[in-house]
Amino acid sequence: MMPDLGKYSETVLSSYAASLLLLVLLVAVTLWRGRRVRAEMERLEQNRVKRNG
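Residues numbered from 1 in each chain as written. Predicted model: local features only at pLDDT ≥ 70, side-chain atom pairs only at ≥ 80, totals over all residues. Heavy atoms only, no water.

Each helix and strand counted, the protein has one helix and zero strands in total. On C-alpha atoms alone, the protein measures out to a radius of gyration of 22 Å, which is more than a quarter above the 10 Å that the 2.2 N^0.38 rule sets for 53 residues. Overall size of the protein, expressed as C-alpha extent along the three principal axes, is 70 × 20 × 5 Å. Within the protein, the fraction of its 53 residues that count as buried is 0%. Just so you have it, the protein exposes about 5,300 Å², and 64% of that area is on carbon and sulfur atoms. (Helix = DSSP H or I, 4+ residues; strand = E, 2+ residues; numbered from the N terminus. Rg over C-alpha atoms; globule rule 2.2 N^0.38 Å. Buried < 20%, exposed > 50% of the residue type's maximum accessible area, 1.4 Å probe, protein only. Areas by Shrake-Rupley, 256 points an atom, 1.4 Å probe, with all protein chains shown as cover.)

Moving on, we get to the pattern of salt bridges. As enumerated under the stated definition, the model contains two salt bridges in all. Where E40 meets R43, a salt bridge forms, and the shortest distance between an N and an O atom there is 2.6 Å. Of this pair, E40 and R43 both sit in helix α1 (residues 9-52), three residues apart, roughly one helical turn. Residue classification places E40 among the partly exposed residues on the basis of a relative accessible area of 36%. Using a relative accessible area of 43% as the deciding quantity, one classes R43 as partly exposed. (Salt bridge = Lys/Arg side-chain N within 4 Å of Asp/Glu carboxyl O.)

Below you can see the structure in the form of C-alpha cells.
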C-alpha cells in the first residue's frame, strides 16, 4: 500500500533508498570489522598461549 506522495514522490523514495543503502552498508562494515577483529584476537591468543605454554 503506497501513499500518494504527489510531486515529492521522487525525493521521498530516493531518501528511503539512500537510508536503506546506508543501513545495509553500516551492517556489512560492522560484520566485516567484527570478523577481522575476532580473527586478530584469536591470533594474539594463540601467540600468548605458545609463549606461556
